[in-house]
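Residue strings, one per chain:
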2 protein chains.
Amino acid sequence: MAKPPGARHLEIGQPFTLELGGALPCLEVAWESWGTLNDARDNAILICPAFSAHCHAKSSSKDPSAGWWERMIGPGAPLDTDRYFVFCASLLGGCHGTSGPLSSNPEGDGAYEGRFPLVTIGDQVRAHLALVDHLGIDCLYAACGGSMGAMQTLEMGLYHGERLRRVIAISGTDRTRPATAAIRHLGRRAIMLDPQFQDGMYGDTPPFAGLELAREIGTVFYRSQKEFNHRFAWEPAYRPNLNGPTFEVQAYLLHQGKKILRSFDSNAYLRLSLAMDLHDLHRHGTELSRLAERVDNSYLIGGVTEDRLITIDEQKAVRDGLLQGGAHVEWFEISSAVGHDAFLVDVEVVGRFIAAFLEA
Amino acid sequence: MAKPPGARHLEIGQPFTLELGGALPCLEVAWESWGTLNDARDNAILICPAFSAHCHAKSSSKDPSAGWWERMIGPGAPLDTDRYFVFCASLLGGCHGTSGPLSSNPEGDGAYEGRFPLVTIGDQVRAHLALVDHLGIDCLYAACGGSMGAMQTLEMGLYHGERLRRVIAISGTDRTRPATAAIRHLGRRAIMLDPQFQDGMYGDTPPFAGLELAREIGTVFYRSQKEFNHRFAWEPAYRPNLNGPTFEVQAYLLHQGKKILRSFDSNAYLRLSLAMDLHDLHRHGTELSRLAERVDNSYLIGGVTEDRLITIDEQKAVRDGLLQGGAHVEWFEISSAVGHDAFLVDVEVVGRFIAAFLEA
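Keep in mind the model is a prediction, meaning the values are calculated, not measured. (Residues numbered from 1 in each chain as written. Chains lettered and ligands numbered in written order. Predicted model: local features only at pLDDT ≥ 70, side-chain atom pairs only at ≥ 80, totals over all residues.)

Visitor: So what's going on with the domain arrangement of chain A? Which residues, and what values?
Guide: Residue and element names in this part refer to chain A. Structurally, chain A comprises domain 1 (8-177 + 280-359) and domain 2 (180-275). One C-alpha centre belongs to domain 1, the other to domain 2; they are set 25 Å apart. Taken residue by residue, the interface counts 28 residues in domain 1 and 21 residues in domain 2. In the side of domain 1 that touches domain 2, the residues fall into 14 nonpolar, nine polar and five charged. (Domains from an automatic or database assignment. Contact = placed C-beta atoms within 7 Å. Nonpolar A, V, L, I, M, F, W, Y, C, P; charged D, E, K, R; others polar.)

Visitor: Now, about the confidence of the model for chain A: what can you tell me, with residues and values included?
Guide: On average, chain A scores 97 in pLDDT, and the residues at 70 or more come to 100%. As a predicted assembly, this complex carries a pTM of 0.96 together with an ipTM value of 0.96. (pLDDT = per-residue confidence, 0-100.)

Visitor: So what's going on with the nonpolar core? Which residues, and what values?
Guide: Ile45 of chain A together with Ile45 of chain B are the most contacted members of the largest nonpolar core, which totals 214 residues. The residues touching isoleucine 45 of chain B, leaving out its near neighbours within four places in the chain, are Leu79, Tyr84, Val86, Leu140, Tyr141, Ala142 and Cys144 of chain B. (Core = buried A, V, L, I, M, F, W, Y, C linked by C-beta atoms within 7 Å. Buried ≥ 20, exposed ≤ 12 C-beta atoms within 10 Å, placed from the backbone.)

Visitor: Describe helix α6 (residues 248-261) of chain B, and please don't skip the residues or the numbers.
Guide: With 14 residues, α6 of chain B ought to run about 20 Å at 1.5 Å a step, and its terminal C-alpha atoms sit 21 Å apart, in line with that. On its buried face, α6 of chain B sits against α3 (178-193) of chain A together with α4 (208-222) and α5 (225-231) of chain B. (Helix = DSSP H or I, 4+ residues; strand = E, 2+ residues; numbered from the N terminus. Expected span 1.5 Å × (residues − 1).)

Visitor: A description of the interface of chain B and chain A should follow, citing residues and the corresponding values.
Guide: Every contact between the two is made by 39 residues of chain B and, on the other side, 39 residues of chain A. Sorting the residues of the side of chain B that touches chain A by element identifies α3 (178-193), α4, α5, α6 and α7 (266-278) of chain B as the ones contributing at least two each. Of all the elements, α3 of chain B adds the most residues to the side of chain B that touches chain A, at 11 residues.

Visitor: Help me get a handle on the sheet that holds strand β4 (residues 27-34) of chain B, residues and values and all.
Guide: Residue and element names in this part refer to chain B. Pairing is mixed in the open sheet, where eight strands are placed in the order β1-β4-β8-β5-β9-β10-β11-β12. Two strands close off the open sheet at either side, each with one partner strand: β1 (8-12) and β12 (328-334). Across the sheet, the mean angle separating the axes of adjacent strands is 20 degrees when strand polarity is ignored. Relative to β4, β1 runs antiparallel, the two sharing five bridges. Counterpart to leucine 10 in the pairing with β4 is valine 29. Sheet strands in contact with helix α2 (residues 148-159) are β5 (44-48), β9 (142-146), β10 (166-170) and β11 (298-304), and its direction is about 150 degrees off that of β9. Each of β9, β10, β11 and β12 touches helix α11 (residues 347-359); the most contacted strand, β10, lies at about 165 degrees to it. (Pairing = 2+ DSSP bridges. Axes fitted to C-alpha atoms, helices over the stretch in contact; angles between N-to-C directions.)

Visitor: I'd love a proper account of the pairing of strand β5 (residues 44-48) of chain A, names of residues and values included.
Guide: All names here are of chain A. For β5, a buried count of five out of five residues is recorded, marking the element as mostly surrounded by other parts of the structure. Judged from the four bridges that link them, β5 and strand β9 (residues 142-146) form a sheet pairing that is parallel. Bridge pairing in β9 places leucine 46 opposite alanine 143.

Visitor: Would you mind going over the sheet that holds strand β4 (residues 27-34) of chain A in detail, with residue names and values included?
Guide: All names here are of chain A. The eight strands are arranged β1-β4-β8-β5-β9-β10-β11-β12 in an open sheet whose pairing can be described as mixed. The sheet is open, and its two edges are formed by β1 (8-12) and β12 (328-334), each paired on a single side. In this sheet, neighbouring strand axes are inclined to one another by 20 degrees on average, regardless of whether the strands run parallel or antiparallel. As judged from the four bridges shared by β5 and strand β8 (residues 85-89), these two strands associate in the parallel manner. Bridging from a neighbouring strand, alanine 44 pairs with phenylalanine 85 of β8. On the sheet, helix α11 (residues 347-359) packs against β9, β10 (166-170), β11 (298-304) and β12 and is oriented at approximately 165 degrees with respect to β10.

Visitor: Account for the relation of the copies chain B and chain A, naming residues and giving values.
Guide: Note on the identical chains: chain B maps onto chain A by a rotation of 180 degrees and an axial translation of 0.0 Å, with an RMSD of 0.0 Å. The two molecules are tied by a two-fold rotation axis, judged by turn and shift. When the interface residues of chain B are mapped onto chain A, 100% of them again lie at the interface, so the same face is used by both copies. (Least-squares fit on C-alpha atoms with pLDDT ≥ 70 in both.)

Visitor: So what's going on with the environment of asparagine 243 of chain B? Residues and values would help.
Guide: Topologically, asparagine 243 of chain B is positioned in the loop between α5 and α6. Between the C-alpha atom of asparagine 243 of chain B and that of lysine 62 of chain B, which follows or precedes it by 181 residues, the distance is 43 Å.

Visitor: How would you sum up the packing of helix α1 (residues 121-134) of chain A against helix α2 (residues 148-159) of chain A? Please name residues and give values.
Guide: Residue and element names in this part refer to chain A. Across the interface, α1 lies against α2 with an axial gap of 9 Å and an inter-helix angle of 75 degrees. With respect to each other, α1 and α2 are oriented roughly perpendicular. Between α1 and α2, the residues in contact are Ile121, Gly122, Gln124, Val125 and His128 and Met151, Gln152, Glu155, Met156 and Tyr159, respectively. Taken together, the residues of the contact of α1 with α2 break down into five nonpolar, four polar and one charged. (Parallel < 35°, antiparallel > 145°, perpendicular 65-115°, else oblique.)

Visitor: Which residues make up the environment of threonine 81 of chain B, and what values do they have?
Guide: Residue and element names in this part refer to chain B. Summarising the element assignment, threonine 81 is placed in the loop between β7 (79-80) and β8 (85-89). The sequence separation of threonine 81 and glycine 35 amounts to 46 residues, and the corresponding C-alpha distance is 4.5 Å. Dropping the residues within four chain positions of it, threonine 81 is found in contact with Trp34, Gly35, Ile73, Gly74, Pro75 and Val86.

Visitor: Go over the environment of proline 5 of chain B, please, and point to the residues and values.
Guide: By the element assignment, proline 5 of chain B lies in the segment before β1. Note: C-alpha distance between proline 5 of chain B and histidine 56 of chain B (51 residues apart in sequence) is 8.8 Å.

Visitor: Tell me about unusual backbone geometry, and name the residues and values.
Guide: Here glutamine 198 of chain A, not a glycine, exhibits a phi torsion of approximately 50 degrees, which is positive. Mapped onto the fold, glutamine 198 of chain A is located in the loop between α3 and α4 (208-222). Taking the number of C-beta atoms within 10 Å as the measure of exposure, glutamine 198 of chain A has 14 and is therefore partly exposed. Here the phi dihedral of serine 171 of chain B falls at roughly 55 degrees; this positive angle occurs in a residue that is not glycine.

Structural data, given as structure tokens:
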């Protein structure tokens, strides 16, 4: 829960205005890269992280630990570092080195904590583009992301279309539905009901119980019923009781909850969660098809039949809106017991679609 | 959160043994009825309540407030009180007048609270049958229930088959799947993480925050994505913020959470929730089809395509197991945006199947 050890640090000493109001006095971006930027600076692929991810998408000599998309990136991998300069920046509003609640408050009394402002997917994309500018890249070869990362790539593709040629958006959405906002609400409630939350000013005693439960709730939606029913025993694994798990699946959820405590800050959780709920490409009153008419980049849209967080119908809505606007769209739907998390787990399957799209 | 005001009270002063161990020194059952038991005592229909329900299924002169299945019961209604003696008992382990955590602890120091033992669906059915015995009924015309009520009717139909001729089980299951246990785990965690929970010995200061959140979590699964996306605005209804709702659907969930505080006890919530997770008709190592071979009652099995708590596939598994065992089975699948809660809301649609089955 800090800047990944191998990350580079970019600081832009100018006010960074925010879509919902206010500004940060400066912008910090933590980022990592793999492969080499060519002289024409036209072989760059930006990875946009999902909610729980960060700039360490892949191991490197500076940080040999496995990244969250380890097998997606590398020589001969779908994001082929023999050909592309692949880079990834931690998210604005998160807790992995880019400006967020753990950053120093310029007012001079420690970290922002609960005083960090609300951010949007649009803000996060402008933070990514500040890094793209810093690298002297006019136009990305591609931007690639899943889930919250796909919200960012779609935002970039349609609102900053001249900055990228190819948009890869897996299991994202054009616009968060109430049914999905309902789910994210539950996780935020879990954190904020924890008495240790203290309006976000929790210092060294974070609302760990709430954060754990938020993660347990999330895990149920990130995966699928099919997976749970195949993976876990149907009979009680322990003597029936209320003080600990009775079923194997409970032990799994408890473990997932505990795991996030090492890597995530609750104030960041809240801000990233609400940013996803507020994601709406139509927010300026413009249909997706009209947005697509204005740009000439191409799109890979795909998702998972079993996704219970962001349904495959939403992927179809994105695809159809883009097609109506005359965009070039490639499409896939896969069946995966992993559900929403397939882009993180079924890397070979998803990677084949990505590689083919990047070739085209 | 007590015995419904019109309920009658049965007390059986003998030890009531429990499936998971231990015994209650006596059994109390709160119940209500509508219509008249005939001389042959063969026109009785038992309603088995779902998780959040109780014996007040229908208004009466003693309690004119609407019951939870008001339109299902009455003269000319699917459970036709011109023909049937319809009765309903609150659940063992619950908080509506039948023995549960709010009952007096025979050890003499107030209510049981967190010391009330764990109960099973099998225990609840034996408590229902104690009432059936008390009424002098050898064989019910039918037992009818949805969700947790359907678990009870199936348990009664297959383990006490001589006590009823017809089994109506809507949106129940033969055996709780890990994917459903995962969901109920979340609600129990919400309650038990509340610092006011105090191992269930919370007296007059219950873990209201945890209970609210448990209900909010439940509500997301009791209803469907389709309903939320049609019913609620997609744009923020309030200025984006973390201190209150931003979206209409959040305000709805918060309201649902608040509503349960008046009607439910957290210790009861935990016990009923775990009882559902432990529900397993196969628990003695016997296939459903073999259980069905031993009885000769008939079954109405049905469910909802959009159910995200107990999937329609589970209804099909129950149907197919019963059919393999040679049982007479009638079947329905309905599409309803209400999802799992359809048996409570789409009463006319569900009631038509029930009425036809009772006629046959």
